[in-house]
Amino acid sequence: MDKKLPARPNLDHLRRQAKVLLAQLHDGDAGAARAFVEHLPEARLMPAAAARAAGFRLADAQSVIARQTGFASWPALSRHVQHLRALEGDWRFASLEIDGAAMPGATFAQSNLLIDGDRFRSESPEATYEGIFTVDVETSPAHIDIEFVEGPEAGNCCYGIYDIDGDRLTLCLGLVGAGRPSTFATQPGSGFALERLYRASADRPANVTGGTPQAPSAPPIGDREDPSSFDIEMTPLLRRLEGEWIPTALVRDGKPMPEPWLAFGSRTVVGTEVKVVFGGQTMVHAKARVDESATPIAIDYLSLSGGQKGAISRGILEWAGDEVRFLIAAPGEPRPASFDATVGTGTLSQWRKKP
């Protein structure tokens, strides 16, 4: 059921709403009577006059407020709001495990998770993610559904479970494209991330808005292409690019990825379908085509999934011995002319074939 709560629900405010609603009913307000008839089982099918004369109490008004906001009862609404408030604050990572592998402390030492109501912002050196989430505290373990609004995963969702014990929070999330975990555990190939966090501050974090949804826009004229143009015949170069690859370097908008993180990346190519994964999270899923007559060799990606599905990214590639190097611009941006990885040029990556 969809929940219709304010961004930062407050039980005292909701209690006042119930008191006002009950007073309005007793004063003969038609809208209040309609709310009772529509949302309170005991008032179902009552004429408005009968609802006003039925002697409903504050507990009934609270039940109406709960059902108006998508909950079965006032206790369920109360538990939901209490959990949201218990999650608020500035959280830091104590440990992180992805696909059965414990991530080195250096990969999350500068990361944090800020929660305000049902809004969040996750900050790390490589990216900032913003969005909204919902919780279901009537399940065991409690469920959490996350919608990314801004950042690399904008438009995507992930689903997980959580447990909170004072200032300790445990999350087990299905990374984008994976399902919801049922236990607080990961294993190779699961697509799950197990996060253990501690609260650094219970103060309300500043400027956690949940991000601003980006209005959908048509791709640039140059990117209006028939997807069938990516259905190309295999060439010796394309066959050489097939297989599993290990990253040796990655620079995004001028920021190098810390070396310890590279061990958790992979590039898998089957035919012309490319999938790049870091820490169990799919960063690229696309079909590729190349123009071997260009200098440097031109490569284009047609995104196959996520918020960028259907978008075309343009780039270049070159060989460095047995390793291959790519510089891919963001969708809609012009193709890079050289392999200078500076701010705004896109993502530079270098790979070697997995033994």
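In the block above lies the structure referred to throughout.
Note that the coordinates shown come from a computational prediction; the quantities given were computed from them, not determined experimentally.

**Q** I'd like to hear about the packing of helix H1 (residues 11-26) against helix H5 (residues 74-87), residue by residue, with values.
**A** Running from N to C, H1 and H5 cross one another at 155°; their axes reach a closest spacing of 10 Å. It follows from the interaxial angle that H1 and H5 lie roughly antiparallel. Taking contact as the criterion, the partners of Leu 11, Leu 14 and Arg 15 in H1 are, on H5, Trp 74, Leu 77, Ser 78, Val 81 and Gln 82.

**Q** If you had to explain the pattern of salt bridges to someone new, which residues and values would you point to?
**A** On inspection of all chains with the given rule, the structure shows 17 salt bridges. With a shortest N-O distance of 2.6 Å, Arg 8 and Asp 116 are connected by a salt bridge. Here Arg 8 is found in the segment before H1, whereas its partner Asp 116 is found in strand E3 (residues 112-116), with 108 residues between them in sequence. On the accessibility criterion, Asp 116 (6% relative accessible area) is buried.

**Q** Before we move on, can you summarise the packing of aromatic side chains with the specific residues and values?
**A** A complete count under the given rule lists six aromatic pairs for this structure. With a centroid separation of 6.2 Å and 50° between ring planes, the pair formed by Trp 245 and Trp 319 is classed as tilted. Note that Trp 245 is positioned in strand E10 (residues 243-252) and Trp 319 in strand E16 (residues 312-320), a separation of 74 residues in sequence. We classify Trp 245 as buried; its relative accessible area is 4%. Accessibility expressed as a relative area gives 23% for Trp 319, which makes it partly exposed.

**Q** Let's hear about unusual backbone geometry: which residues, and what values?
**A** Here the amide bond leading from Ser 140 into Pro 141 is cis, since omega sits at 0°, within 30 degrees of zero. Note on placement: Pro 141 falls in the loop between strand E5 (128-136) and strand E6 (142-150). Residue Pro 296 follows Thr 295 across a cis peptide bond; omega there is -5°. With respect to the helices and strands, Pro 296 occurs in the loop between strand E14 (281-291) and strand E15 (297-303). Backbone geometry places Asp 99, a non-glycine residue, at a positive phi of 50°. Tracing the backbone through its elements, the reader meets Asp 99 in the loop between strand E1 (89-98) and strand E2 (101-102). Since its relative accessible area comes to 21%, Asp 99 is described here as partly exposed. In this model, Asn 207 sits at a positive phi of 60°, which is unusual for a non-glycine residue.

**Q** Provide a residue-level description of the packing of H1 against helix H4 (residues 58-68), including the pertinent values.
**A** Close contact between H1 and H4 brings their axes to 8 Å; oriented N to C, the two are set at 115°. As for the relative orientation of H1 and H4, their crossing is right-handed in sense. Residues Leu 14, Arg 15, Gln 17, Ala 18, Lys 19, Leu 21 and Leu 22 of H1 form the contact with H4, whose own contacting residues are Leu 58, Ala 61, Gln 62, Val 64 and Ile 65. Here the contact of H1 with H4 is composed, by residue class, of eight nonpolar, two polar and two charged.

**Q** If you had to explain the environment of Ser 313 to someone new, which residues and values would you point to?
**A** Along the chain, Ser 313 turns up in strand E16. Residues contacting Ser 313, with those up to four places away along its chain left out, are Ile 299, Asp 300, Tyr 301, Ile 328, Ala 329, Ala 330 and Pro 331.

**Q** With reference to specific residues and values, describe the pairing of strand E7 (residues 157-165).
**A** Of the pairings in the sheet, the one linking E6 to E7 comprises six bridges and is antiparallel in character. Across the sheet, the residue bridging to Ile 144 is Gly 160, located in E7. Counted along the chain from E6 to the antiparallel partner E7, the turn is six residues long, and its residue Gly 151 has a positive phi close to 110°. Pairing geometry for E7 and strand E8 (residues 168-174), over seven bridges, is antiparallel. Directly across from Tyr 159, in E8, lies its bridge partner Gly 174. Linking E7 to E8, which pair antiparallel, is a turn of two residues; within it Gly 166 sits at a positive phi near 65°.

**Q** Requested: an account of the environment of Met 46, with residues and values cited.
**A** Residue position: Met 46 is located in the loop between helix H2 (30-39) and helix H3 (48-53). Leaving out residues up to four positions away in the same chain, Met 46 has contacts with Val 37, Ala 51, Ala 54 and Phe 56.

**Q** Before we move on, can you summarise H2 with the specific residues and values?
**A** Helical geometry: 3.6 residues make up each α-helical turn, so side chains three or four residues apart lie on a common side. Taken as a whole, H2 has its buried residues at Ala 32, Ala 33, Ala 35, Phe 36 and Val 37. Where the residues of H2 are buried, they touch H1, H3 and H4. Looking at where H2 begins, the residue whose side-chain oxygen comes 3.0 Å from the main-chain nitrogen of Gly 31 is Asp 29.

**Q** Give a description of the nonpolar core that names residues and reports values.
**A** The biggest cluster of nonpolar side chains holds 28 residues, and the ones touching the most others in it are Phe 120, Phe 133, Val 135, Ile 144, Ile 146, Tyr 162 and Leu 171. Sorting the residues of this core by element identifies H5, E1, E3, E5, E6, E7, E8 and strand E9 (192-201) as the ones contributing at least two each. Setting aside chain neighbours within four positions, we find Tyr 162 in contact with His 83, Leu 87, Val 135, Val 137, Pro 141, Ala 142, His 143, Ile 144, Leu 169, Thr 170, Leu 171 and Phe 184. Core analysis: the second largest hydrophobic core is formed by 25 residues, Leu 5, Leu 21, Ala 61 and Val 64 among them.

Cut-offs applied
- Residues numbered from 1 in each chain as written.
- Predicted model: local features only at pLDDT ≥ 70, side-chain atom pairs only at ≥ 80, totals over all residues.
- Heavy atoms only, no water.
- Axes fitted to C-alpha atoms, helices over the stretch in contact; angles between N-to-C directions.
- Helix = DSSP H or I, 4+ residues; strand = E, 2+ residues; numbered from the N terminus.
- Parallel < 35°, antiparallel > 145°, perpendicular 65-115°, else oblique.
- Contact = heavy atoms within 4.5 Å.
- Salt bridge = Lys/Arg side-chain N within 4 Å of Asp/Glu carboxyl O.
- Buried < 20%, exposed > 50% of the residue type's maximum accessible area, 1.4 Å probe, protein only.
- Phe/Tyr/Trp six-rings, centres within 6.5 Å; stacked < 30°, edge-to-face > 60°.
- Left-handed = near helix turned anticlockwise from the far one by under 90°.
- Nonpolar A, V, L, I, M, F, W, Y, C, P; charged D, E, K, R; others polar.
- Pairing = 2+ DSSP bridges.
- Polar contact = N/O pair within 3.5 Å; in protein donor to acceptor, adjacent residues only side chain to side chain.
- Core = buried A, V, L, I, M, F, W, Y, C linked by side-chain atoms within 4.5 Å.

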